[in-house]
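Structural overview
Letter by letter, the chains look like this.
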Amino acid sequence: MFRRNGSQCVATFAVDEVRVLRKVAGEVVGLLTDGMDHTDPVVSRLFPDIYPEKPDDSAEFRLYTEGDLKTGKIDQAGAILAALPDEGEGEVRLDGEAAEAWLRAINDARLAMGTRLDIQADTDLGEELDEAVLRDPGSSRVFQLSVYAYLGYLQESLLNALPEIE
């Protein structure tokens, strides 16, 4: 997946990988731009209450910070969309700033998917995927768990490819 080439992180993506990454990044953008619903557990996960015991204080904090946080998350997902080929396979080259945007966007996508899939800190993803395959190998859950696992692998490879910060 990602490898370091000088000061850049480089990866070559197959057609299906480009499609999946475009879809995932597009869904994050859609979630954040289509009348963001604070009762949605995914939105709550991406924008947690800063003061869980003090809802009024959390609401006031959100009033002053949420716009910038939301814009940042949209821009980070946009960094993925901008770097990927429009269609087909292709190579992606990221400088340090773009790589960090990708890492944050992948993290947001994994948080969103993990919430929808009810993945907890102690969930064994391999076991969860095996059970889903046994129940129905063609199910959307199998696909979603596979994408979730792929994003984790992609995130790890990008972290490992980042140049050392001096």
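The sections below set out a description of the structure shown in this document. None of the values given here were measured: they were computed from a predicted structure.

Scoring rules and cut-offs
- Residues numbered from 1 in each chain as written.
- Predicted model: local features only at pLDDT ≥ 70, side-chain atom pairs only at ≥ 80, totals over all residues.
- Heavy atoms only, no water.
- Salt bridge = Lys/Arg side-chain N within 4 Å of Asp/Glu carboxyl O.
- Helix = DSSP H or I, 4+ residues; strand = E, 2+ residues; numbered from the N terminus.
- Phe/Tyr/Trp six-rings, centres within 6.5 Å; stacked < 30°, edge-to-face > 60°.
- Buried < 20%, exposed > 50% of the residue type's maximum accessible area, 1.4 Å probe, protein only.
- Core = buried A, V, L, I, M, F, W, Y, C linked by side-chain atoms within 4.5 Å.
- Contact = heavy atoms within 4.5 Å.
- Axes fitted to C-alpha atoms, helices over the stretch in contact; angles between N-to-C directions.
- Parallel < 35°, antiparallel > 145°, perpendicular 65-115°, else oblique.
- Nonpolar A, V, L, I, M, F, W, Y, C, P; charged D, E, K, R; others polar.

Time to look at the pattern of salt bridges. All chains considered together, the criterion is met by 10 salt bridges. Glu 128 is the salt-bridge partner of Arg 141, the closest N and O atoms lying 2.6 Å from each other. Of the two residues, Arg 141 sits in helix 6 (residues 140-161) while Glu 128 sits in helix 5 (residues 125-135), which places them 13 residues apart along the sequence. Because the salt bridges share partners, they merge into one network encompassing Arg 3, Glu 91 and Arg 93.

According to the stated counting rule, one finds four aromatic pairs in the structure shown. Note on Phe 13 and Trp 102: the rings are 6.1 Å apart at their centroids and 25 degrees apart in plane angle, and the pair reads as stacked. Of the two residues, Phe 13 is situated in strand 2 (residues 8-13) and Trp 102 in helix 4 (residues 96-116); the sequence distance between them amounts to 89 residues. Trp 102 shares its class with Phe 13; the two are buried.

The next point concerns the nonpolar core. Of all hydrophobic cores here, the largest spans 43 residues; its most connected members are Phe 2, Phe 13, Trp 102 and Leu 151. If you list the elements that add at least two residues to this core, you get strand 2, helix 1 (15-33), helix 2 (41-46), helix 3 (55-83), strand 3 (90-94), helix 4 and helix 6. If you tally residues by element for this core, the top one is helix 6, at nine residues. Ignoring anything within four residues of it in the chain, the contact list for Leu 151 reads Leu 21, Val 24, Ile 106, Ala 109, Arg 110 and Met 113.

Before going further, it helps to examine unusual backbone geometry. Residue Asp 118 is not a glycine yet carries a positive backbone phi of 55 degrees. You can see Asp 118 is positioned in the loop between helix 4 and helix 5. By relative accessible area, which is 53% here, Asp 118 ends up exposed.

Two numbers describe how helix 1 lies on helix 6: the axes approach to 12 Å, and their chain directions differ by 95 degrees. Taken together, the axes of helix 1 and helix 6 are roughly perpendicular relative to one another. Two secondary-structure elements touch here, helix 1 through Glu 17, Val 20, Leu 21 and Val 24 and helix 6 through Phe 143, Val 147, Tyr 150, Leu 151 and Leu 154. Within the contact of helix 1 with helix 6, the residues separate by chemical class into eight nonpolar, no polar and one charged.

Coordinates in, geometry out; function isn't part of it.
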